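Commentary on secondary and tertiary structure
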Amino acid sequence: MAEWATNVSIEELGAWLEGGHRFAVLTHTKPDGDAVGSTIALVRALRVVCERSGGDPSRIMAHFAGGTPRWIGDVAFEDEYQTANVSELEALDPDRIVVCDTGAWSQLREVAPFLEERAERIAIVDHHVTGDGEIGDRRLIETDAAAVCQPVARLCARLLGSTVADLASEIAEVLYLGIATDTGWFRHSNVSPSVLRDAGELLGAGVDHARLYQRTEQRDPAGRILLMGRVLAGMELHHGDRLAVLRVLLRDVHEVGLEPGQTSGLGDQAMNIASVRVCVTLTETGEDPALTKVSMRSKEGDGAVDVAAIAREVGGGGHARAAGARVPGEIDEVAAGLVEAIGRALGV
Ligand SMILES: [Mn+2]
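What follows is about the sheet that holds strand 5 (residues 122-126). Whether parallel or antiparallel, the strands of a sheet pair through hydrogen bonds between backbone atoms. Taking strand neighbours across the sheet as the criterion, the 6 strands line up as 3-2-1-4-5-6 in an open arrangement whose pairing is parallel. The sheet is open, and its two edges are formed by strand 3 (81-83) and strand 6 (138-141), each paired on a single side. Across this sheet, the average inter-strand angle for adjacent strands is 20°, counted without regard to direction. Pairing between strand 4 (residues 96-100) and strand 5: 4 bridges, direction parallel.

Structural data, given as structure tokens:
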């Protein structure tokens, strides 16, 4: 079993990428801001490198599985990404494959048949504390980074022979988006000096913070706010009001006119309650046999609960303060198991 740890430097990874001829940039299913930001930034940097060496940059793309965020058209051009397709990837036959923002088979299900048996052509760039190291022979894993866009910013700078502060604004913008979204726009406990330094350098490279925030965050359909009302009305508090449990029911999602997948981020509201240390959001998937999506958040501080450890118990993973899983079972049954496990972690 390959160790889940860094075994290449930014410099080595840059040199390896420069030696490539055909590229594919991948990320986890249902890419978020950090996944889109890191992959699109890398596509843009690799295209510049390719053009300089007389190659055809148009074939360098990000391959996304599981759908794209609704703001994708505001941050990436249509010719920069495509829906991940195993046979098309095989036909492309890339000799340099980069997987950003994950290194876990569970997050790469759609592309697993393509990735299997190609470890020597794969580099993983990630910031999660767990992953399946055997996926790629080259691994750059910075668990201290709040967003994978932080090491990817330095990789882009290395590829372009510049500094992060001197990156072209279209590369800086998507990297900034990744850092902003993975820190909840600089509100979460993972905000650190390096986050603000990197974000500051990217702003200096020409990122328009207000435009980006409006285009990506302030664009909810009314149904999302209506759904939030329903989900919060059904909130349960357990263990002396330290655990909040939210349920996103398919019936409610449909009645407010949303699509499943437009329901993320509801837990932030419950985390605003002073007594709450942990919030669990459970989402019905409608899959048969029943499968419940679980998203957990925990607050920093004395006796902080490691939700990644709880997620691992049920086959998921993530970070100590933000983790998730997809758990077989009906929503109430999954909720009961987690209420108990989190109770133990809270010392109840
Ligand atoms: Mn990330």
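So, about the domain arrangement of the protein chain. According to the domain assignment, the protein chain contains domain 1 (10-216) and domain 2 (222-345). Taking only C-alpha atoms, the centre of domain 1 and the centre of domain 2 are 28 Å apart. Each side of the interface is counted separately: domain 1 has 8 residues, and domain 2 has 7 residues. For the side of domain 1 that touches domain 2, a count of residues per class yields 2 nonpolar, 5 polar and 1 charged.

The strand order 7-8-9-10-12-11 describes an open sheet built from 6 strands, whose pairing is mixed. Strands at the two margins of the open sheet, each flanked by one partner only, are strand 7 (236-238) and strand 11 (317-318). Sheet strands touched by helix 14 (residues 331-345): strand 7, strand 8 (243-248), strand 9 (278-284), strand 10 (291-298) and strand 12 (322-328). Its angle to strand 9, the strand with the most contacts, is close to 165°.

It is at 7 Å that the axes of helix 2 (residues 33-52) and helix 7 (residues 169-182) come closest, and there the two elements cross at 160°. On the basis of their axis angle, the class for helix 2 and helix 7 is roughly antiparallel. Helix 7 is crossed by helix 2, and the crossing has left-handed handedness. For the pair formed by helix 2 and helix 7, the contact residues are Gly33, Asp34, Val36, Gly37, Ser38, Ile40, Ala41, Arg44 and Ala45 on the first element and Glu170, Ile171, Val174, Leu175, Leu177, Gly178, Ala180, Thr181 and Asp182 on the second.

The next subject is the nonpolar core. Core analysis: the biggest nonpolar cluster contains 70 residues, and Ala41, Leu42, Leu46, Val152, Cys156, Leu175 and Tyr176 have the highest contact counts within it. Apart from the residues within four sequence positions on either side, Leu175 is in contact with Gly37, Ala41, Cys149, Val152, Ala153 and Leu202. Counting residues in each nonpolar core, the second largest holds 30 residues, with Met296, Ala308, Ala323 and Val327 among its members.

A separate point is the environment of Asp74. With respect to the helices, strands and loops of the structure, Asp74 is situated in helix 3 (residues 72-75). Among the residues examined, Asp74 registers 14 C-beta atoms within 10 Å and is labelled partly exposed. C-alpha separation for the pair Asp74 and Thr216, spaced 142 residues apart in sequence, amounts to 7.8 Å. The residues contacting Asp74, other than those within four sequence positions of it, are Arg215 and Thr216.

Here strand 10 lies mainly inside the structure; 7 of its 8 residues are buried. One ladder, built from 7 bridges, connects strand 9 with strand 10; its direction is antiparallel. Residue pairing for strand 10: Val280 is matched across the bridge by Met296. Taking the residues between adjacent antiparallel strands as the criterion, strand 9 and strand 10 are bridged by 6 residues, where Gly286 takes a positive phi near 75°. Where strand 10 meets strand 12, 7 bridges bridge the pair, whose relative direction is antiparallel. Residue pairing across strands places Leu291 opposite Pro328, the latter belonging to strand 12.

Calculation rules
Residues numbered from 1 in each chain as written. Predicted model: local features only at pLDDT ≥ 70, side-chain atom pairs only at ≥ 80, totals over all residues. Pairing = 2+ DSSP bridges. Helix = DSSP H or I, 4+ residues; strand = E, 2+ residues; numbered from the N terminus. Axes fitted to C-alpha atoms, helices over the stretch in contact; angles between N-to-C directions. Domains from an automatic or database assignment. Contact = placed C-beta atoms within 7 Å. Nonpolar A, V, L, I, M, F, W, Y, C, P; charged D, E, K, R; others polar. Parallel < 35°, antiparallel > 145°, perpendicular 65-115°, else oblique. Left-handed = near helix turned anticlockwise from the far one by under 90°. Core = buried A, V, L, I, M, F, W, Y, C linked by C-beta atoms within 7 Å. Buried ≥ 20, exposed ≤ 12 C-beta atoms within 10 Å, placed from the backbone.

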